[in-house]
Amino acid sequence: MTIIIRGDIVFTPRPDRFTVLEDGCVAVGDDGRVTQVAGSPSDIRLRGTRASGDRIVPTDDAAPRSTVDSGEPEPRVIDRRGCLVIPSFVDLHVHAPQYPMAGVGLDEQLLRWLENTTFPVESHFADPQVAGTWYRRFLHRIWRVGTLRFSAFATLHEESTLMLMGLCQESGLRPVVGKVNMDRNAPEELLESTRDSLESTRRIIGKSRAATPDIGYVVTPRFVPSTTPELMEGLGEIVREFGLPVQSHLDENRSEVEWVRRLHPDVPTYAQVYDRFGLMPEGRTIMAHCIWMTQTERRLLRERGVWAAHCPQSNLNLASGLMPVRRDLDAGIKVCVASDVAAGHDPSMPRQIVSAIETSKAKTFETGHENDRPLALSEAFYMATKRPGEFFGAIGRGRVGTFEPGCDFDALVIREEDGNPLDLPPEGKLARFIYDGDDRDILERWIAGRTVPEPFA
Ligand code: GUN
Ligand code: FE
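Residues numbered from 1 in each chain as written. Chains lettered and ligands numbered in written order. Predicted model: local features only at pLDDT ≥ 70, side-chain atom pairs only at ≥ 80, totals over all residues. Heavy atoms only, no water.

An unreviewed UniProt entry lists the protein under the name Putative guanine deaminase, from Bifidobacterium minimum.

1. Focus on the pairing of strand β8 (residues 89-95)
Note the threshold: Per-residue accessibility, obtained with a 1.4 Å probe over protein chains only, is compared with the maximum for each type, and a residue is labelled buried under 20%, exposed over 50%, and partly exposed between these values. Numbered from the N terminus, helices here are DSSP runs of H or I no shorter than four residues, and strands are runs of E no shorter than two. When DSSP finds two or more bridges between a pair of strands, those strands are recorded as paired.
With seven of seven residues buried, β8 lies mostly within the body of the structure. Sheet topology places β8 next to strand β9 (residues 147-153); five bridges connect them, and they run parallel. Bridge assignment links F89 to a residue of β9, and that residue is T147.

2. Observations regarding the sheet that holds strand β12 (residues 216-217)
Put simply, the rule is: We call two residues in contact whenever any of their non-hydrogen atoms come within 4.5 Å of each other. In this description, a line fitted to the C-alpha atoms serves as the axis of each element, helices being fitted only across the stretch in contact, and the angle between N-to-C directions of two axes falls anywhere from 0 to 180 degrees.
Strand order in the open sheet made by the four strands is β8-β9-β10-β12, with parallel pairing throughout. Each of the sheet's edge strands pairs with one partner strand only, and the pair in question is β8 and β12. Relative to the sheet, helix α2 (residues 128-144) contacts β8 and β9, its axis offset from that of β9 by approximately 140°.

3. As for the coordination of the iron ion (ligand 2)
What counts, and what does not: The donor set covers N, O and S atoms within 2.8 Å of the metal, switching to 3.2 Å for Na, K and Ca, and it leaves out water, so a site may look short of donors. Just to be clear on the cut-offs, tetrahedral is four donors with all angles between 85 and 135 degrees, square planar is four donors and octahedral six with opposite donors over 155 degrees apart and all others between 65 and 115, and anything else goes down as irregular.
Bound to the iron ion (ligand 2) are the protein donor atoms H93 (NE2), H95 (NE2), H249 (NE2) and D340 (OD), situated 2.0 to 2.2 Å from the metal. Taken together, the four donor atoms surrounding the iron ion (ligand 2) define angles of 88 to 172° at the centre, an arrangement classified as irregular. Positions of the donor residues of the iron ion (ligand 2), expressed as sequence spacing, correspond to H-x1-H-x153-H-x90-D. For H93, a relative accessible area of 1% translates into the label buried.

4. Section: the UniProt feature "domain: Amidohydrolase-related" (unreviewed entry) in the protein
Put simply, the test is: UniProt positions are given in the numbering used here, feature names are shortened, and annotations may be inferred rather than shown by experiment.
When the UniProt feature table is mapped onto this chain, "domain: Amidohydrolase-related" (unreviewed entry) is found at residues 84-452. Overall, residues 84-452 shows 44% helix and 16% strand. The separation of its end C-alpha atoms is 17 Å.

5. Some words on α2
What counts here: A helix's residues, less one, multiplied by 1.5 Å, set its expected span.
With 17 residues, α2 extends 24 Å between its outermost C-alpha atoms, agreeing within 8% with the 24 Å of an ideal straight helix rising 1.5 Å per residue. Taken together, the buried positions of α2 are A131, G132, Y135, F138, L139, H140, I142 and W143. On the buried face of α2, the contacting elements are β8, β9, α3 (158-171) and β19 (442-447). Once α2 ends, the next one or two residues include G146, with phi positive near 85°.

6. Considering the site of ligand 1
To keep things clear, this is the line we draw: Residues are counted as near a molecule or strand when any one of their heavy atoms sits within 4 Å of it. Counted as a polar contact is a pair of N or O atoms within 3.5 Å, where, for protein atoms, one must be capable of donating a hydrogen and the other of accepting one, and residues adjacent in sequence contribute only when both atoms are in side chains. All accessible areas in this document rest on Shrake-Rupley with a 1.4 Å probe, and a residue is counted as covered only by the protein chains that are shown. Only Asp, Glu, Lys and Arg are considered charged in this grouping, and only Ala, Val, Leu, Ile, Met, Phe, Trp, Tyr, Cys and Pro are considered nonpolar; every other residue, Gly among them, is considered polar.
Near ligand 1 you find H95, Q98, L110, W113, L114, R222, F223, H249, E252, H289, D340 and A343, and these make up its full shell. Contact distances for ligand 1 include 2.7 Å between an oxygen atom and a side-chain N or O atom of R222. D340 is positioned with one of its side-chain polar atoms (N or O) 2.8 Å from a nitrogen atom of ligand 1. About the coverage of ligand 1: the protein hides 100% of its 280 Å² of free accessible area. With three residues, the top contributor of residues to the shell around ligand 1 is helix α1 (residues 110-123). Residue classes in the shell around ligand 1 are distributed as five nonpolar, four polar and three charged.

7. Focus on the packing of α2 against α3
To be explicit about the condition: Left-handed describes a crossing in which the near helix is turned anticlockwise from the far one by less than a right angle; the clockwise case is right-handed.
Contact geometry for α2 and α3: axes closest at 10 Å, N-to-C directions at 35°. The handedness of the crossing between α2 and α3 is right-handed. Residues P128, A131, G132, Y135, R136 and L139 of α2 lie in contact with α3, whose contacting residues are E159, S160, M163, L164, L167 and C168. Residue classes in the contact of α2 with α3 are distributed as eight nonpolar, two polar and two charged.

8. Structural notes on the pattern of salt bridges
Any two side chains of opposite charge can pair, so long as their charged atoms come close to each other. The following threshold applies: Each salt bridge in this description consists of a side-chain nitrogen of Lys or Arg and a carboxyl oxygen of Asp or Glu lying within 4 Å of one another.
In the structure shown here, the tally under the stated rule is 32 salt bridges. In this structure, the salt-bridge partner of R80 is E444, at a minimum N-O distance of 2.7 Å. Highlighted residues: R80 in strand β7 (residues 76-87) and E444 in strand β19, separated in sequence by 364 residues. Side by side, R80 and E444 carry an identical accessibility label, which is buried. Linking E366 and K363 is a salt bridge whose minimum nitrogen-to-oxygen distance equals 3.6 Å. With E366 and K363 both in helix α11 (residues 349-367) and three residues apart, this pair spans about one turn of that helix. With relative accessibility at 57%, the residue E366 sits in the exposed group. On the accessibility criterion, K363 (11% relative accessible area) is buried. Through salt bridges with shared partners, one network takes in D31, R33, R149, D408 and D410.

9. Side note on the sheet that holds strand β17 (residues 334-337)
Here four strands make up an open sheet; going across it, the order is β14-β15-β16-β17 and the pairing parallel. The open sheet has two edge strands, β14 (246-250) and β17, and neither has a second partner. Strand-to-strand twist across the sheet, computed as the mean angle between neighbouring axes with direction ignored, equals 30°. Bridge count between strand β15 (residues 285-289) and strand β16 (residues 307-310): three bridges; the pairing is parallel. Residue pairing in the sheet places A288 in a bridge with A309 of β16.

10. Description of the side chain of T155
Considering the arrangement of structural elements, one finds T155 in the loop between β9 and α3. According to the relative accessible area criterion, T155 is buried, its value standing at 0%. With sequence-adjacent residues up to four places away left out, T155 is seen in contact with P97, E122, F125, Y135, S160, T161, K179 and V180.

11. Digging into the confidence of the model for the protein
Just so we agree on the cut-off: pLDDT is a residue-level measure of predictor confidence that goes from 0 to 100.
Mean pLDDT for the protein: 94, with 94% of residues reaching 70 or above. Long-range and interchain partners of residues 48-68, a stretch whose pLDDT sits below 50, account for 36 contacts in this model, where long-range means more than four residues apart. If you check the scores for this complex, the pTM reads 0.95 and the ipTM reads 0.99.

See below:
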């Protein structure tokens, strides 16, 4: 049975402008996928027939489903007039165990921040009690801000990684999650042997398939400096064997890049280290930051179809640099916007969208508007919805982030501000929400055609 959601529909099939249907409709089939987007309920075609105006009546959500003479069930219209209906946000780079330190330790740059703030926090996730409490809080928050799909780093701990996956499954959210692999250059309590790291990864992959079918596994070497060549080799085998995606960090900080060069003097660039070990599988790799890429690396990322997760708030917090987003986009790289909590301090994707736009404007102060044209709002929105949503399609977990036919209906219903003297069109109301709204404006969250209730409140 089809449902029809009626409201002000806004999404971005293309980055350069919003597609807007003021008082429009999205029709969603039994399988939770969008079948059609239309200007009004009467434009929705049901099995080849055009539904007449009186056949589709807005009903109370709880009203019993009626059946028309033909025996075909009447579509239920969910009347959300006075609300925006937009694709929910997709965050391709977030560290779930770092949530308790959001906002802390940000006076330092990457390598010291890892040593002094991040590693001490992550080592507490050896304790299932800490993991249980904080993973619940994290998921509650991410649900509130309307990020319904994401790709998360856990920690190296097997039990708490499985716990995070279990809590994700229970929450109704649909992320991918990876146990972090790290067998060098970390404090004692956050190190594992190469062998333990690989065996533990295989166990989690095996167990989670049965226990948490809606949560994908993503192979997660922390970054080149914390993984030995043997570990990367073994992870590359796992990637090939199971056809899994990969997530990691790339070219975030100049000292980090220099360190990688010293660790792998025989490999010309940082990105080529991952590639050499099979850790850039085509069309299913996420690399976070990518600030200091060479042209060779740009070409490689483009060839491998890598999603480059731009984390603008994190890059400012750790003074990592200003990513040349425009040049990467022009080079054909799939750039998306991500939070990188907790180097990014705010899990909200609207805050990250704003930060990406601001950063792209700051870039022009150095290089000129002609060289680094700033991001438009529609582009940054696309980079937080459709672009990262394609990753989930690529790994067989449902194309999301847009309302084009065939996509899973993952959406947010957002209360519109009333009485604005500008008499804004829907895309103007969306701009107000992104710049000045917050989670209290989100009235409903939908994943694959069903509403997702508040988890772990
Ligand atoms: N590089 C290696 N680990 C991390 C991390 O946890 N956060 C960020 N931002 N960069 C990293
Ligand atoms: Fe990160």
